Amino acid sequence: MNINVDNDWQPILTEELAKSKYADLETFIDNEYQNETIYPEKNRIFESFELTPFSDVRVCLLGQDPYHEKHQAHGLSFSVLPGEKIPPSLRNMYKELETDLRIPPANHGYLKSWAEQGVLMLNSVLTVRDGAANSHRNHGWELLTDGVIERLSESSQTIIFVLWGKTAQDKIKLIDTDHNIVITSPHPSPLSAYRGFFGSKPFSQINQNLKSQGLPPINWQLPSNT
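What you see as residue numbers is a count from 1 along each chain, following the sequence as written. Per-residue local features are limited, in this predicted model, to residues with pLDDT of at least 70; the limit for side-chain atom pairs, both in listing and counting, is 80 or more; totals at the level of whole chains, interfaces and linings are taken over all residues. Values reported for side chains reflect all heavy atoms of the structure, with hydrogen atoms and water molecules removed beforehand.

**Student:** Account for the environment of I183, naming residues and giving values.
**Tutor:** Structurally, I183 can be placed in strand 6 (residues 181–185). The exposure class assigned to I183 is buried, which follows from its relative accessible area of 4%. In this structure, the C-alpha to C-alpha distance between I183 and P11, residues 172 residues apart in sequence, is 29 Å. Working rule for contacts: check all heavy atoms of both residues, and any pair within 4.5 Å makes them a contact. Discounting chain neighbours no more than four positions away, the residues touching I183 are I160, F161, V162, L163, P202, Q205, I206 and N209. Put simply, DSSP H or I for four residues or longer makes a helix, DSSP E for two residues or longer makes a strand, and each gets a number counted from the N terminus. Under the scheme applied here, a residue whose accessible area is under 20% of the maximum for its type counts as buried, over 50% as exposed, and between as partly exposed, the area being computed with a 1.4 Å probe on protein chains only.

Structure (structure tokens):
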């Protein structure tokens with residue numbers, strides 16, 4: 001699989017994907033892009049890594065699989081491309097951000113500025129078929145992203161892992177919780193946000209933990225122009 005990430009993720013991802021266990025994934029993904037409409041565009045599969053170098057990661061915000069409608073997905077969990085309608089889960093994230101830090105909701109869903117500040121916006125599965133949520137689940141992406149989580153957990157930097165919902169929280173077994181910080185709550189989707197996501201104050205928790213490490217907080221206010 002061709003990886004072109006111009007930072008310190010390149011050798012990590014290349015080394016990982018060279019393992020024989022990814023042969024079926026590569027064959028599957030190549031076939032899907034040739035025969036189906038797949039999101040994100042092939043050159044954006046690894047965009048989360050491009051925007052947040054390994055050495056810059058301070059927060060890992062774990063999602064599930066990409067948005068499965070046209071023009072939405074671009075390689076960052078929860079984020080959509082400029083000009084696209086804000087998805088329900090992200091709208092709920094904005095509501096909680098306003099309650100938590102009094103930051104009014106952005107008029108777009110493009111979260112690039114968070115990624116550029118050290119928030120790795122990682123989906124467990126990196127591709128999806130048009131209109132078919134979870135269609136690329138259990139084809140091998142989870143092996144890679146589990147490996148990424150383990151690499152981050154083992155790094156010298158303390159990483160804040162944000163795990164929303166049961167699927168994300170199952171990844172806690174990959175994380176050294178003595179060395180790293182884990183923030184959990186229900187998922188921000190409309191089905192579960194009222195079960196404990198609202199009021200969980202994840203954004204201020206992240207910034208408090210960064211400050212305790214002597215690191216600058218994340219500026220969660222998104223630029224109005226994308």
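**Student:** Quick one: what's the story with a negative patch on the surface, residue by residue and with numbers?
**Tutor:** Think of a patch as exposed residues, more than 30% relative accessible area, with no salt bridge, where like charges cluster within 9 Å and nonpolar side chains (Val, Leu, Ile, Met, Phe, Trp, Tyr) cluster within 5 Å. The Shrake-Rupley method, run with a 1.4 Å probe, gives the accessible areas here. Residue values count only the displayed protein chains as cover. A pairing counts as a salt bridge when a side-chain nitrogen of Lys or Arg comes within 4 Å of a carboxyl oxygen of Asp or Glu. Under this rule, positive means Lys or Arg and negative means Asp or Glu; His and the chain ends count for nothing. Taken as the charge location is NZ of Lys, CZ of Arg, CG of Asp or CD of Glu. On the surface, E150, E154, D176 and D178 cluster together to form a negatively charged patch. Turning to its location among the elements, E150 is positioned in helix 6 (residues 141–154). Relative accessible area serves as the criterion here: at 35%, E150 is assigned to the partly exposed category.

**Student:** Describe the pairing of strand 2 (residues 59–63), naming the residues involved and giving the relevant values.
**Tutor:** Taken across its five residues, strand 2 has five buried, putting it largely inside the fold. Here strand 2 shows no split at all, with V59, L61 and G63 on one side and C60 and L62 on the other all buried. Pairing geometry for strand 2 and strand 5 (residues 160–164), over four bridges, is parallel. Considered in strand 5, the bridge of C60 is made with F161. Following DSSP output, two strands are said to pair if at least two bridges run between them.

**Student:** Residues and numbers for the sheet that holds strand 6, please.
**Tutor:** The four strands lie next to each other as 3-2-5-6, forming an open sheet whose pairing is parallel. Edge positions in the open sheet fall to strand 3 (119–123) and strand 6, since each of these has one partner strand only. In this sheet, adjacent strand axes meet at a mean angle of 20° when their direction is disregarded. All axes are obtained by fitting lines to C-alpha atoms, using only the stretch in contact for helices, and the reported angles, taken between N-to-C directions, cover 0 to 180 degrees.

**Student:** Describe the packing of helix 1 (residues 9–17) against helix 6, and please don't skip the residues or the numbers.
**Tutor:** Direction vectors running N to C along helix 1 and helix 6 enclose 135°, while the axes themselves pass 11 Å from each other. With respect to each other, helix 1 and helix 6 are oriented oblique. For the pair helix 1 and helix 6, the sense of crossing is right-handed. Contacts between helix 1 and helix 6 pair W9, I12, L13, E15, E16 and L17 from the former with L143, L144, V148, R151 and L152 from the latter. The nonpolar class holds Ala, Val, Leu, Ile, Met, Phe, Trp, Tyr, Cys and Pro. Asp, Glu, Lys and Arg form the charged class, and all remaining residues, Gly among them, are polar. Residues of the contact of helix 1 with helix 6, tallied by class, amount to eight nonpolar, no polar and three charged. Angles are sorted into four bins: roughly parallel if under 35 degrees, roughly antiparallel if over 145, roughly perpendicular if 65 to 115, and oblique for all others. Left-handed is the label given to a crossing in which the near helix is rotated counterclockwise from the far helix by less than a right angle, and right-handed is the label when the rotation is clockwise.

**Student:** Explain helix 4 (residues 88–101) to me, using residue names and the numbers behind them.
**Tutor:** One fewer than the residue count of a helix, multiplied by 1.5 Å, yields its expected span. An ideal rise of 1.5 Å per residue puts 20 Å on 14 residues; helix 4 measures up with 20 Å between its terminal C-alpha atoms. S89, L90, N92, M93, Y94, E96, L97 and D100 are the residues of helix 4 that are buried. Of the surrounding elements, those touching the buried residues of helix 4 are strand 2, helix 5 (112–115), strand 5 and helix 8 (202–212). Phi turns positive one or two residues past the end of helix 4, at R102, with a value near 60°.

**Student:** Residue-level account of the pattern of salt bridges, with values.
**Tutor:** Applying the stated criterion across every chain yields a total of nine salt bridges. The salt bridge involving E15 is made with R151; its shortest N-O contact spans 3.3 Å. On the criterion of sequence distance, the pair formed by E15 in helix 1 and R151 in helix 6 is long-range, its members being 136 residues apart. Exposure remark for E15: the relative accessible area of 48% places this residue in the partly exposed category. According to the relative accessible area criterion, R151 is partly exposed, its value standing at 24%. Here K19 ties to E16 by a salt bridge, and the two come within 3.0 Å at their closest N and O atoms. Each of the salt bridges in this network shares a partner with another, and the network as a whole consists of E16, K19 and K21.

**Student:** If you had to explain the environment of A133 to someone new, which residues and values would you point to?
**Tutor:** Along the chain, A133 turns up in the loop between strand 4 (128–129) and helix 6. Note on A133: relative accessible area 45%, which makes it partly exposed. If we ignore the near neighbours within four places in the chain, the residues touching A133 are D65, H68 and V128.

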